[in-house]
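Understanding the architecture of this molecule
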Amino acid sequence: MKGATFSSSLMWFSRKTAAFTAAAVFCVIFSLVMLHQYSESLPQITWRPYAAPSPNAWGVDLETPACAEARGIVSEDIWAESRRKYQHLRDDKFTLVISTFKRPDSLNATLSLVLGEEIPTLHEVVVVWNEVNTTAPDDFISDHNVRVRFRVSPRNSLNMKLWADPEFRTQAILLSDDDCHYEPDDMGFIFNYWREEAKDRIVGAFPRAVTIDEEGQYKYSFARGWDRYSMILTGLAFAHISYLDYYSSDDPLMTDIRDLIDEKFNCEDIALNYMVSMLTCNSPLQVVGLKHPINAGGKHGISTKKGHIGKRHSCVNDFSNMIGYNPLRNSTHYIHRGRQK
């Protein structure tokens with residue numbers, strides 16, 4: 001009798017163990033699927049040894065004509081005007097531009113953090129309000145005397161984030177999504193580094209790369225574990241206003257690129273990297289502060305949509321074909337505040 005009871009208990013335990021194991025396997029698989037789905041939204045910082053630039057390697061001369069490879073492709077007169085007309089803007093402060101769409105919690109959290117501490121070099125916060133059918137909040141002045149302006153987009157377009165707003169009063173524009181930010185103390189450091197050493201580059205937190213597959217097609221890639229990258233996401237990146245001006249200009253190539261972005265509703269950040277490298281022959285630069293930059297990875301962002309990565313694979317090929325070549329430049333440098341070789 002005791003043997004039968006023990007056998008029954010053993011069978012019950014075996015069934016329970018099998019059920020538990022199956023449940024555990026399911027949880028692991030489900031977690032991996034979800035991690036893959038949201039991986040685009042997660043911070044992708046690849047920590048590499050600090051490498052100081054050689055003298056004059058990262059000049060800030062915006063008087064230089066377009067990159068030699070791009071002559072005949074770039075509208076030289078438009079680019080010259082884009083460089084000229086913003087020289088009077090102040091260069092000792094920056095404007096934070098936050099793009100938002102139906103994520104009030106993310107926006108409020110970012111605004112609370114950015115405005116909660118004094119950032120002496122922050123001139124203005126501009127919220128690009130893409131909810132065209134919803135009334136935007138009123139503009140206000142923060143406790144630290146920073147103006148917060150809600151700019152309502154004429155349509156829900158990713159290109160609106162990169163528009164050279166005539167009301168901007170600074171040369172430096174920190175482009176941001178509503179769920180991404182540097183820590184307030186780090187913003188000043190990164191702005192000053194951009195201003196002194198890398199004004200002609202896109203400088204930011206999240207690097208990406210472009211690879212080539214066996215069929216010779218370009219592939220959009222995370223820079224995870226690599227020793228090089230060629231793009232910085234505009235979810236958190238400094239750029240000179242002259243680049244936004246050329247991006248938004250009547251140049252035929254840029255007009256076609258903006259139309260493609262509206263069609264795909266994706267890839268404006270890739271396009272800006274292609275354009276800046278085309279104009280300057282320069283790579284972007286990853287710069288981070290003492291603390292990891294925040295990328296909350298909203299559950300309803302574009303990067304969580306089905307087909308997102310496929311669209312980005314398509315974009316890197318489309319842009320290369322439209323320009324006539326791939327202008328991206330690889331970088332092996334990064335700057336991390338407080339770290340040395």
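Details of the structure are given in the entry above.
To start, this report covers the structure provided alongside it. Each chain carries its own residue numbering, running from 1 in the written order of its sequence. For this predicted model, a pLDDT threshold of at least 70 governs which residues receive local features, and a threshold of 80 or more governs which side-chain atom pairs are given and counted, while totals over whole chains, interfaces and linings are taken from all residues. For side-chain calculations, the full set of non-hydrogen atoms in the structure is used, while hydrogens and water are omitted.

Structural notes on the sheet that holds strand 4 (residues 147-152)
Criterion used throughout: strands pair if DSSP finds at least two bridges between them. Here a strand is any run of E in DSSP of at least two residues, a helix any run of H or I of at least four, and the numbering for each starts at the N terminus. Strand order in this open sheet of nine strands is 3-4-2-1-5-11-7-12-14, and the pairing throughout is mixed. The open sheet has two edge strands with one neighbour each: strand 3 (140-141) and strand 14 (334-336). Two elements, strand 1 (residues 90-100) and strand 2 (residues 122-129), share seven bridges in a ladder whose sense is parallel. Bridged to Val-97 within strand 2 is Val-126. In this fold helix 3 (residues 104-116) packs onto strand 1, strand 2, strand 3 and strand 4, with an angle of close to 175 degrees to the strand it touches most, strand 2. On top of the sheet, helix 4 (residues 184-197) reaches strand 1, strand 5 (170-177), strand 7 (203-204), strand 11 (236-240), strand 12 (285-288) and strand 14; it is set at about 120 degrees to strand 1, its chief contact. Whether two residues are in contact is decided by their heavy atoms, any of which lying within 4.5 Å being enough. Note on geometry: axes are C-alpha line fits, over the in-contact stretch for helices, and angles between N-to-C directions span 0 to 180 degrees.

Thoughts on the state of the cysteines
Two cysteine sulfur atoms make up a disulfide if the distance between them is within 2.5 Å. Evaluated as defined, the whole model comprises two disulfides. Cys-67 shares a disulfide with Cys-281; S-S distance 1.5 Å. Taken together, the residues Cys-67 in the loop between helix 1 (2-38) and helix 2 (76-84) and Cys-281 in the loop between helix 7 (268-280) and strand 12 connect sequence positions 214 residues apart. Here Cys-67 falls in the buried class, since its relative accessible area comes to 4%. Here Cys-281 falls in the partly exposed class, since its relative accessible area comes to 26%. A simple rule labels every residue: compare its accessible area, found with a 1.4 Å probe on the protein chains alone, to the largest value its type can have, and call it buried under 20%, exposed over 50%, or partly exposed in between.

Side note on the sheet that holds strand 10 (residues 231-232)
With antiparallel pairing, three strands are arranged side by side in an open sheet as 9-8-10. The open sheet has two edge strands, strand 9 (218-222) and strand 10, and neither has a second partner. In this structure, strand 8 (residues 207-212) lies alongside strand 10, joined through two bridges in antiparallel fashion. Bridge assignment links Pro-207 to a residue of strand 10, and that residue is Ile-232.

Quick word on the packing of aromatic side chains
Stacked, tilted and edge-to-face are the three classes applied to pairs of Phe, Tyr and Trp rings, where Trp contributes its six-membered ring and a pair requires centres within 6.5 Å; stacked means planes under 30 degrees apart, edge-to-face means over 60, and tilted covers the rest. What the rule picks out here adds up to ten aromatic pairs. Residues Trp-79 and Tyr-246 carry aromatic rings whose centres are separated by 5.9 Å and whose planes lie at 80 degrees to one another, so their mutual orientation is edge-to-face. Of this pair, Trp-79 sits in helix 2 while Tyr-246 sits in helix 5 (residues 241-247), placing them 167 residues apart in sequence. Tyr-246 shares its class with Trp-79; the two are buried. Among the aromatic residues, those joined into a ring-pair cluster are Phe-94, Phe-191, Trp-194 and Phe-238.

Digging into helix 2
Those residues of helix 2 not exposed but buried are Trp-79, Ser-82 and Arg-83. Mapping the buried residues of helix 2 onto a view down its axis gives an arc of 95 degrees, with all of them on the same face. Buried residues in helix 2 make contact with helix 5 and helix 7. Note: the arc covers the axis-to-C-beta directions of the helix.

Brief notes about empty space enclosed by the protein
Both site types are read off a 1 Å grid over the protein atoms alone. A 1.4 Å probe that fits but cannot get out defines a cavity, while an open set with protein on both sides within 12 Å along at least five of seven lines defines a pocket; lining residues have an atom within 4 Å of a point. Grid points are joined across faces, edges and corners, and a volume is the space filled by probe spheres set on the points. The full count for this structure, using the stated rule, is one cavity of 30 Å³ or more. When its volume is computed, the largest cavity comes out at roughly 40 Å³. Taken together, Asp-200, Arg-201, Ile-202, Asn-273, Val-276, Ser-277, Asn-282, Ser-283 and Pro-284 make up the full set of residues lining the largest cavity. When grouped by side-chain class, the residues that make up the lining of the largest cavity number three nonpolar, four polar and two charged. Classification convention: Asp, Glu, Lys, Arg as charged; Ala, Val, Leu, Ile, Met, Phe, Trp, Tyr, Cys, Pro as nonpolar; all other residues, Gly among them, as polar.

Section: the nonpolar core
Membership of the largest hydrophobic core comes to 84 residues, with the highest contact counts inside it found for Phe-94, Val-125, Phe-238, Ile-270, Met-275, Met-278 and Phe-319. Looking at which element gives the most residues to this core, the answer is helix 7, with eight residues. For our purposes a nonpolar core is just a set of buried Ala, Val, Leu, Ile, Met, Phe, Trp, Tyr and Cys residues, chained together by side-chain atoms within 4.5 Å.

Structural notes on the side chain of Ser-320
On the secondary structure map, Ser-320 appears in helix 8 (residues 308-323). Its relative accessible area of 6% is what places Ser-320 among the buried residues. Apart from residues no more than four positions distant in its own chain, Ser-320 is found in contact with Tyr-218, Tyr-274, Tyr-325 and Asn-326.

Regarding the pairing of strand 2
Here strand 2 lies mainly inside the structure; seven of its eight residues are buried. When the strands point away from the viewer, a crossover counts as right-handed if the path from the first strand over the helix to the second runs clockwise. Each parallel crossover has a hand, and the one from strand 1 via helix 3 to strand 2 is right-handed. Sheet topology note: the strand 2/strand 4 ladder contains six bridges and is parallel. Bridging across to strand 4, Val-128 finds its partner in Arg-151.

Details of the pattern of salt bridges
By definition here, a salt bridge exists when the distance from a side-chain nitrogen of Lys or Arg to a carboxyl oxygen of Asp or Glu is within 4 Å. Applying the stated rule across the entire model yields 20 salt bridges. For the salt bridge of Arg-84 with Glu-81, the shortest nitrogen-to-oxygen distance reads 2.6 Å. Taken together, the residues Arg-84 and Glu-81, both in helix 2 and three residues apart, mark about one turn of the helix. For Lys-161, the salt bridge identified is with Asp-177, shortest N-O distance 2.8 Å. Of this pair, Lys-161 sits in the loop between strand 4 and strand 5 while Asp-177 is found in strand 5, placing the two residues 16 residues apart along the sequence. It is possible to trace a salt-bridge network through shared partners that takes in Glu-124, Arg-147, Arg-149, Arg-151, Asp-165 and Glu-167.

Structural notes on the pairing of strand 12
Here strand 12 shows a buried face lined by Leu-285 and Val-287 and a second buried face lined by Gln-286 and Val-288. Here strand 7 runs beside strand 12; their pairing, made up of two bridges, is parallel. Residue pairing in the sheet places Val-203 in a bridge with Leu-285 of strand 12.

Just geometry here; none of it tells us what the structure is for.
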